[in-house]
Amino acid sequence: MYALRCHSCNREYDINKPIWRCKCGGFLDIVSDEKVYLSLVDKTINGFWRYKKFIPVLSEEAIVSFNESFTPIVRDKVFGKDVFLKLDYLFPSGSYKDRGSSVLVSKVKELGISKVLEDSSGNAGSSIAMYCAKANVEANIFVPSSTSKGKLTQLVAFGANLKLVKGDRQATSEAALNAAERMYYASHVYNPFFFEGTKTFIFELFEQMNFKLPDNIVMPVGNGTLLIGAYIACKQLMESGYIDEFPKFVCVQSDNCSPLSYVLYGKEKRYSTTMAEGIAIRNPLRLDQMCEIIKETKGIVITVSEEDIKEGLLEMVRKGYYIEPTSASAIAALKVVDLTGSTLVELTGNGLKANEKIYSLLK
Ligand SMILES: *Cc1c(COP(=O)(O)O)cnc(C)c1O
Ligand SMILES: [Zn+2]
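Definitions and cut-offs
Residues numbered from 1 in each chain as written. Chains lettered and ligands numbered in written order. Predicted model: local features only at pLDDT ≥ 70, side-chain atom pairs only at ≥ 80, totals over all residues. Heavy atoms only, no water. Helix = DSSP H or I, 4+ residues; strand = E, 2+ residues; numbered from the N terminus. Buried < 20%, exposed > 50% of the residue type's maximum accessible area, 1.4 Å probe, protein only. Contact = heavy atoms within 4.5 Å. Lys, Arg positive; Asp, Glu negative; His and termini not counted. Charge placed at Lys NZ, Arg CZ, Asp CG, Glu CD. Pairing = 2+ DSSP bridges. Right-handed = clockwise from strand over helix to strand, strands pointing away. Core = buried A, V, L, I, M, F, W, Y, C linked by side-chain atoms within 4.5 Å.

Engineer: Lay out the overall build of the protein in plain terms, naming residues and giving numbers.
Structural biologist: If you tally the helices and strands in the protein, you get twelve helices and 13 strands. In terms of overall dimensions, the protein has a C-alpha envelope of 50 × 50 × 40 Å along the principal axes. Within the protein, the proportion of its 363 residues that are buried is 57%. Considering only intrachain contacts with a sequence separation of at least 6, the fraction spanning at least 24 residues in the protein is 69%. In the protein, 44 positive and 42 negative side-chain charges are present, and the distance between their average locations comes to 3 Å.

Take a look at the structure:
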């Protein structure tokens, strides 16, 4: 049995109601009394839908998927350190966001909703638009009117309706929130079904690494869709008795935009642009929740400079890993901090999306 429960006031809602936020304004979590038993994994499926018993989409006909498969884990040396790399940049739209979008859009289909709203000109927007194209759901994507054409290409290609909003990113979020009074908000930040997809990278690597998790998981963090997903999955593995402690979540942000380190470590506030644009989130809506998770799991926040990110990117592309600069921030963290035990770095986004940026770094 699944339910939606408010993170602020604990009010519960039916999992099959098309709501994405509590009446009090709080965020919804998905709660379940089902345990995650590996015997329930559908081994005939070689991708994250093999975990469908632990994903709150109840009807199999509703599943919207490109038959995504396990993403590889490669052992390699990065900055002289022995690490595992999870190649989530190989997903169909070019980022790990496909995990979240596939689950969220499947739920949309199950609920019989024919049009949705999202705000993102980045990887989340293109991923949601791609799964909507597959499901024949109308995707209305709000983006700042200043967004470059290149960034909108995937959205346009997938047939999304673009709503260009004047002003900054914040203005776009507000416009989307207003419109969400009238249309289902397939938000990768508000909507809890998205996290039910991002959590699968943990189940996947648990199986791939012989039913163990690495000691450290290094990931870029902006709005926290990976971090929160990782937490949900680890908690479920713990409740089912598969692990006794959390891996150390090493949350990577840019020196130029690190709300987590302002709040957790009292670091000086600084907001300027960063090439790690996927994590350049000044006011993450789920900031409190991310801080709770980092404290509970004894995770850490590492910030990296633009120079570090550039070095991280070059280190990787020279070895044949064509990742985008946002993903390189996680690699850069390996240079900045010494971790004990085994380490896995989640490689989140494909460099093909950022060719021009990468080209400018090579010169
Ligand atoms: C979205 C994204 C992230 C960070 O995810 P958050 O949910 O904002 O924490 C990291 N890397 C890439 C490539 C992304 O697209
Ligand atoms: Zn509430």
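Read on for the rest.
Engineer: Residues and numbers for the pairing of strand β7 (residues 138–144), please.
Structural biologist: Across the seven residues that make up β7, a large majority, six, are buried. Two strands pair when backbone bridges link them, and strand β6 (residues 115–119) and β7 are joined in this way by five bridges, in the parallel orientation. For Glu118, the partnering residue across the bridge sits in β7 and is Ile141. With helix α2 (residues 123–135) bridging β6 and its parallel neighbour β7, the resulting β-α-β unit is right-handed. Examined bridge by bridge, β7 and strand β8 (residues 161–165) share five bridges and lie parallel to one another. The residue bridging Phe142 from the neighbouring strand is Lys163, located in β8. Since β7 and β8 lie parallel, the crossover through helix α3 (residues 149–157) that links them has a hand, and here it is right-handed.

Engineer: Now, about the nonpolar core: what can you tell me, with residues and values included?
Structural biologist: Ranked by internal contacts, the top residues of the largest apolar core, which has 45 residues, are Ile202, Leu227, Phe249 and Leu260. Among the elements of the structure, α6 (200–208), β10 (216–220), α7 (225–239), β11 (248–254) and α9 (287–297) are those that each provide at least two residues to this core. Broken down by element, this core gets its largest block of residues, eight residues, from α7. Ignoring sequence-local partners within four residues, the contact set of Phe249 consists of Ile217, Met219, Leu227, Ala230, Tyr231, Cys234, Ile293, Thr297, Gly299 and Ile300. In terms of nonpolar packing, the next biggest core, distinct from the first, is built from 42 residues, Val64, Tyr190, Phe193 and Phe194 among them.

Engineer: Which residues make up unusual backbone geometry, and what are the values?
Structural biologist: In this structure, Asn67 is a non-glycine residue whose phi angle is positive, near 50°. The topology assignment puts Asn67 in the loop between β3 (28–32) and β4 (73–78). A residue is classified by how much of its surface remains accessible, and Asn67, at 69% relative accessible area, is exposed. Of note in this structure, Phe79 is not a glycine but carries a positive phi near 50°.

Remember that the coordinates give geometry; whether it matters functionally is a separate question.
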